[in-house]
Every structure is written in C-alpha cells, then in structure tokens.
Amino acid sequence: MKNFIYQLFWENLLSYIQSYLFYIEAVLAIIISVLIARFITKIVRRKLYGNVPSHTLVNISKLIYYILVIIGLLIAIRSLQIPGVQLTELLIAGGFIGIVIGLAAQQTLSNFFAGLLILFERPFKIGDFINFNNNIGMVVDMGFLSTKIHSWEGFYIRIPNSQIFEGPVINYSTSIVRLVRVQFTVPFEADIKKIIDALLKKFDEQWYILVEPRPTVFPVDFVENGILMEARAWTSGRTWFDLFSNMPSLIENTLKELGIQYSY
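The rules behind each value
- For every chain, the first residue of the written sequence is number 1, and numbering continues from 1 onward in sequence order.
- pLDDT decides what is reported in this predicted model: residues at 70 or higher carry local features, side-chain atom pairs at 80 or more are listed and counted, and totals for whole chains, interfaces and linings draw on all residues regardless.
- Think of the side-chain values as coming from all heavy atoms in the structure, minus any hydrogens and water.
- Helix and strand assignments follow DSSP, with helices taken as H or I runs no shorter than four residues and strands as E runs no shorter than two, numbered in order from the N terminus.
- Only protein chains enter the area calculation, which uses a 1.4 Å probe; residues under 20% of their type maximum are buried, those over 50% are exposed, and those in between are partly exposed.
- A contact between two residues is defined here by any heavy atoms of the two lying within 4.5 Å.
- Here the expected length of a helix is defined as 1.5 Å per residue gap, with one fewer gap than residues.
- Consider a residue and the seven residues that end there alongside the seven that start there; fitting an axis to each set, the bend is the angle between those axes.
- Between any two strands, at least two bridges found by DSSP are needed for them to pair.
- Under this scheme, a helix contributes an axis fitted over its contacting stretch, all axes are lines through C-alpha atoms, and angles between N-to-C directions fall in the 0 to 180 degree range.
- Definitions used throughout: a 1 Å grid over protein atoms alone; a cavity as a set of points that fits a 1.4 Å probe which cannot get out; a pocket as an open set with protein on both sides within 12 Å along at least five of seven lines; a lining residue as one with an atom within 4 Å of a point.
- Grid points are joined across faces, edges and corners, and a volume is the space filled by probe spheres set on the points.
- Gly is placed with the polar residues, together with every amino acid not listed as nonpolar (Ala, Val, Leu, Ile, Met, Phe, Trp, Tyr, Cys and Pro) or charged (Asp, Glu, Lys and Arg).
- Note on aromatic contacts: the rings of Phe and Tyr and the six-membered ring of Trp form a pair at centre separations within 6.5 Å, being stacked when their planes are under 30 degrees apart, edge-to-face when over 60 apart, and tilted otherwise.
- In this analysis the charged atom, NZ for Lys or CZ for Arg, is taken to sit over a ring once it is within 6 Å of the ring centre and within 35 degrees of the ring normal.
- Joining through side-chain atoms within 4.5 Å is the link that ties buried Ala, Val, Leu, Ile, Met, Phe, Trp, Tyr and Cys residues into a set, and such a set is a nonpolar core.

To continue, consider the overall build of the chain. Each helix and strand in the chain was counted, giving eight helices and eight strands. Here the chain holds 264 residues, and the buried ones make up 31% of them. Intrachain contacts of the chain at a sequence separation of at least 6 include 62% that bridge at least 24 residues.

Structure, rendered in structure tokens:
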C-alpha cells in the first residue's frame, strides 16, 4: 500500500511537471538569454575599450544586449504550446502586429537606423562643435534616436538622427585652420593702401592669427557710400571663436587710429 502511494505520488508529480514543462522551458530560455547577453556585452566592452569613444561603446553594448534578449524571447514563445492555439497562428498574429507597430513607429525606426549609421560613420563626436540648420553648439549626447547639442545661447537642442544623417552638418572642431572674413566700407577719399598696411600690421600683432596663410585686405566694390573692403584672416580651429569675435574690433580700432570713418 505504501509503495502504491509513493508510485501514485511520483506519477502525479511527473504529470504535473510535464504539463508545465513548456512554461519552464520558456522561463529558462529568457533567463539564459539574459545571462548570455550580459556575458557577451561584458566581453565586447573589454575588447573595444579604448578603441572606440565611450558613448559608441555604450550604444553598441546596448544593441547587442537587446538583440540577444529578443532572441531569447522568440525562443521562449516558440517553446510555449498553449492549448487551442497553434504556433502558425501565433506567427501570423505576431507578423500582423509587427506590421502595425512598424508602420506606427516608422519614424522611430528611421531615427534608429540613422543613429547606427552615424555611430559607424562618425561625422562628429561628443565634445565637437557643429552647425546643423543654423543650430550651433557642442554635441553632448549621441543616442540611437536623437543627438543633443548645447547651443552657445545655453539651450539644449534635440535633433532626430534621421534629419542629421540626411542633412548637411558642419563640424567646426575637425577643421585644422579656419577663415574669418569681415566686410566694411570706407569713404571714397580714403587712402586704401594705408588702410591695408595698417590692418595687416594689426593682424600680425595678434598671436592667434596665422602667418601662413597670410591675412589679406582688399577692395571689393564701389557702393553708394564708399568703397566696400574685405579683410580675411586664418586661425586654428581651436581659436576660431577668438578671431571671429575680435576681428571687427581690430578693424574698428585700426580705422579709428587712422581717423577714417567707416561702416559695416
């Protein structure tokens, strides 16, 4: 009698386990996929550390992690056998839901893939100063969906990656040397050669203005109130803003020293 009870107990236990075996396999598939994802992302971070920018490394690790977890979820769904529901029906329903979600999230997917291409192409990096559609500032974050810049006015601007990838982006930080030019007008009776010599001397005194290429000053056109002139000077990419902000005042001070009226 005792052996019969043990046998009945074990048979019922095995039957109970078998009835929930599919759910156990699904849970194990998810757990194992998470563990594998963590292990592989850890290896990827160690291998790529120091070879790629930190933000790129973080984004690549997240992408690998999510892909592996999604694979685990698909395996878990495949192992489930819900009574009255066929796997084919689940796949058809999942495909239909995927199409609906894909259409609804078309712009999001576009930004996502554009973000991947930007990470691999690397037209700019965090810390670079860029200009996109007259939005000028420093790149502070590069995500899969958007890029954020901190403008010179102190605003944080979020730009979708699809727009950045398709549009022209000016990267000021990658330029070795940059040109600044300022136009101004002097009276007809002014001594042009004297103005040119004085401005070139003033430019030569500024440490951030390059000797080569040489600064230049020349007349451009005759306008209604005088002679339109243009001054050009080169500087390194790091000191561009110094020259950009100081050049008008350099011209103004020089013309005042010469006693020449001017206008911009």
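Here helix H8 (residues 240-258) contains 19 residues, and its C-alpha end-to-end distance of 27 Å stays within 8% of the 27 Å for a straight helix at 1.5 Å per residue. At Asn246, H8 shows its largest bend, some 40°, and a proline, Pro248, comes one to four positions later. Within the span of H8, buried status applies to Trp240, Leu243, Met247, Leu250, Ile251, Thr254 and Leu255. For H8, the elements touching its buried residues are strand S6 (177-186), helix H7 (192-204) and strand S8 (226-236). Gly259 occupies a position one or two residues after H8 and carries a positive phi of about 70°.

Attention now goes to the sheet that holds strand S7 (residues 216-223). One open sheet accounts for three strands, arranged S6-S8-S7; its pairing is antiparallel. Where the open sheet ends on each side, the last strands, each with one partner, are S6 and S7. Across the sheet, the axes of successive neighbouring strands diverge by a mean angle of 25°, strand direction being ignored. Sheet topology note: the S6/S8 ladder contains 10 bridges and is antiparallel. By the bridge assignment for S8, Phe184 is matched with Met229. Running at roughly 140° to S7, H7 makes contact with S6, S7 and S8 of the sheet. Running at roughly 25° to S6, H8 makes contact with S6 and S8 of the sheet.

Moving on, we get to the layout of surface pockets. By volume, the largest pocket is sized at about 240 Å³. Every residue lining the largest pocket is listed: Phe129, Trp152, Tyr172, Ser173, Ser175, Arg178, Gly237, Arg238, Trp240, Phe241 and Asp242. Among the elements that line the lining of the largest pocket, the one with the most residues is H8, at three residues. A class-by-class count of the residues in the lining of the largest pocket yields five nonpolar, three polar and three charged.

Moving on, we come to the packing of aromatic side chains. Working definition: an aromatic ring pair is given by the centre-to-centre distance plus the angle between the planes. For the coordinates displayed, the defined rule picks out 10 aromatic pairs. Taking 5.4 Å as the distance between ring centres and 85° as the angle between the ring planes, the aromatic pair formed by Trp207 and Tyr208 counts as edge-to-face. The exposed category is assigned to Trp207, whose relative accessible area is 68%. For Tyr208, a relative accessible area of 8% translates into the label buried. Taken together, Phe129, Trp152, Tyr172, Trp240, Phe241 and Phe244 form an aromatic cluster joined through their ring pairs. When the ring centre of Trp240 is taken as reference, the NZ or CZ atom of Arg178 above it lies at 3.8 Å.

Moving on, we get to the environment of Trp152. Looking at the secondary structure, you find Trp152 in the loop between strand S3 (146-151) and strand S4 (156-160). Considered as a pair, Trp152 and Asn135 are 17 residues apart in the sequence and their alpha carbons are 9.2 Å apart. Each residue touching Trp152, except ones within four places of it in the same chain, is listed here: Phe129, Ile136, Gly137, Trp240 and Phe241.

What follows covers the nonpolar core. Counting residues in hydrophobic clusters, the biggest one holds 25 residues, and the most contacted among them are Phe184, Val186, Phe203, Val217, Met229, Met247 and Ile251. Looking at this core, the elements with two or more residues in it are S6, H7, S8 and H8. Once you skip the residues sitting within four places of it in the chain, Met247 turns out to touch Val180, Val182, Phe203, Ala231, Arg232 and Ala233. Ranked by size, the runner-up nonpolar core spans 12 residues in total, among them Leu116, Ile118, Met142 and Ile159.

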